Structures are given as structure tokens and as C-alpha cells.
Amino acid sequence: MIGEPSAVTNEIVHEVSQVLPAEKPRYLMGCGFPEDIIEAVAHGIDLFDCVLPTRNGRTGTAFTSRGKVIVKASRYATDRAPLDRNCDCYTCRNFSRAYLRHLFNTGEALAGRLVSFHNLYFYTQLMSEIRMNIRKGTYAEFSARTRRRFDFRTP
Ligand SMILES: [Zn+2]
């Protein structure tokens, strides 16, 4: 939910999930940080929508398998690596962090589109992993392992 600290949101999601019918899809609006999605899925939430992947993409923040990458940071000025070495999206296969940073610094709209594309791909992959682990019965292990890896809230 938009605006509340994640601990409050998680508590409310937990409470509400106990009274919602289990056979109906459950939708949570405005929940966008990967670690919050993983927690909400554990409480039975099925559907999400949030501006975070594209809003952050437009402003130069990428969600990656190793955490957040702020593309405009000066440390990426000569970095020839992709946004995420573990990602095979169009952006990561074709553009370096340094080039994306250059696009942001010169005001090219393409910069935000490329990072948004990567972020949407990242979320699509995350949801695929979530579904796969639910089917395999390994969601608890996946959740613990993945949430330890992610900390997208830290500025
Ligand atoms: Zn990518």
C-alpha cells in the first residue's frame, strides 16, 4: 500500500489475507519493492501493480540481482558493464552503464526507456521465479534467500 512503512503494510496484508476467500484472486495496489512483493506473496497476494519499475527507470534507478544501481552516479562514468551481469534483457545485452549514464546526462529520453525496460524485465523474471518456487514447494527458502539479497529501500 502506498505511503505506509513496509512493516505496517505487511501486518495489514497478513491480517486481511486471513479473512479474504482463498479461492479468489488477491490484488495489492502500490506494492512495488521486490522484497515487499515477496512478503505479500507469502500472505497469498496474487496480483500487483505499481509505478516503481518505470518511475525509477525514468529517473535512472535500476533494480538488479545485486540490488539497486543508480545509473547517474559518477562511479559509472567509465563502467562498461551492463546494468546487471545476470540479466539478458535487451538493455543489458546492448548497453553499458557508462553509455546509459551518458544518455541521462545529455537528456536523452531513451535513457529512461532503456532502464525502465530492464526494470520491467527484472520484475517479470522475479515473478517467474516466485511462481516456479511456489509450484516446487520451495517458496519459504526462496523468500528467505532472496529477501536477504535485496535491499532496495536503502537510498
Ligand atoms: Zn537487464
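The following refers to the structure shown. (Residues numbered from 1 in each chain as written. Predicted model: local features only at pLDDT ≥ 70, side-chain atom pairs only at ≥ 80, totals over all residues. Heavy atoms only, no water.)

**Concerning the overall build of the protein**
(1) Moving on: Within the protein one finds seven helices and four strands.
(2) Moving on: Tracing the protein from N to C terminus, the helices and strands come up as α-β-α-β-α-β-β-α-α-α-α.
(3) Moving on: Taking 155 residues into account, the globule formula puts the C-alpha radius of gyration at 15 Å, and the protein, at 17 Å, falls close to it.
(4) Moving on: A principal-axis box enclosing the C-alpha atoms of the protein has dimensions of 50 × 30 × 25 Å.
(5) Moving on: Evaluated residue by residue, the protein yields a buried proportion of 46% over its 155 residues.
(6) Moving on: The contacts in the protein between residues at least 6 apart in sequence include a share of 56% that link residues at least 24 apart. (Helix = DSSP H or I, 4+ residues; strand = E, 2+ residues; numbered from the N terminus. Rg over C-alpha atoms; globule rule 2.2 N^0.38 Å. Buried < 20%, exposed > 50% of the residue type's maximum accessible area, 1.4 Å probe, protein only. Contact = heavy atoms within 4.5 Å.)

**A few points about the pattern of salt bridges**
(1) Moving on: A complete count under the given rule lists two salt bridges for this structure.
(2) Moving on: Between Arg147 and Glu39 there is a salt bridge, with its nearest N and O atoms 2.3 Å apart. Of this pair, Arg147 sits in helix H7 (residues 139-149) while Glu39 sits in helix H2 (residues 34-42), and the two are 108 residues apart along the sequence.
(3) Moving on: Judged by its relative accessible area of 34%, Arg147 is partly exposed.
(4) Moving on: The salt bridge partner of Asp79 is Arg97, with a shortest N-O separation of 3.2 Å. Of this pair, Asp79 sits in the loop between strand S4 (67-70) and helix H4 (90-94) while Arg97 sits in helix H5 (residues 97-105), placing them 18 residues apart in sequence. (Salt bridge = Lys/Arg side-chain N within 4 Å of Asp/Glu carboxyl O.)

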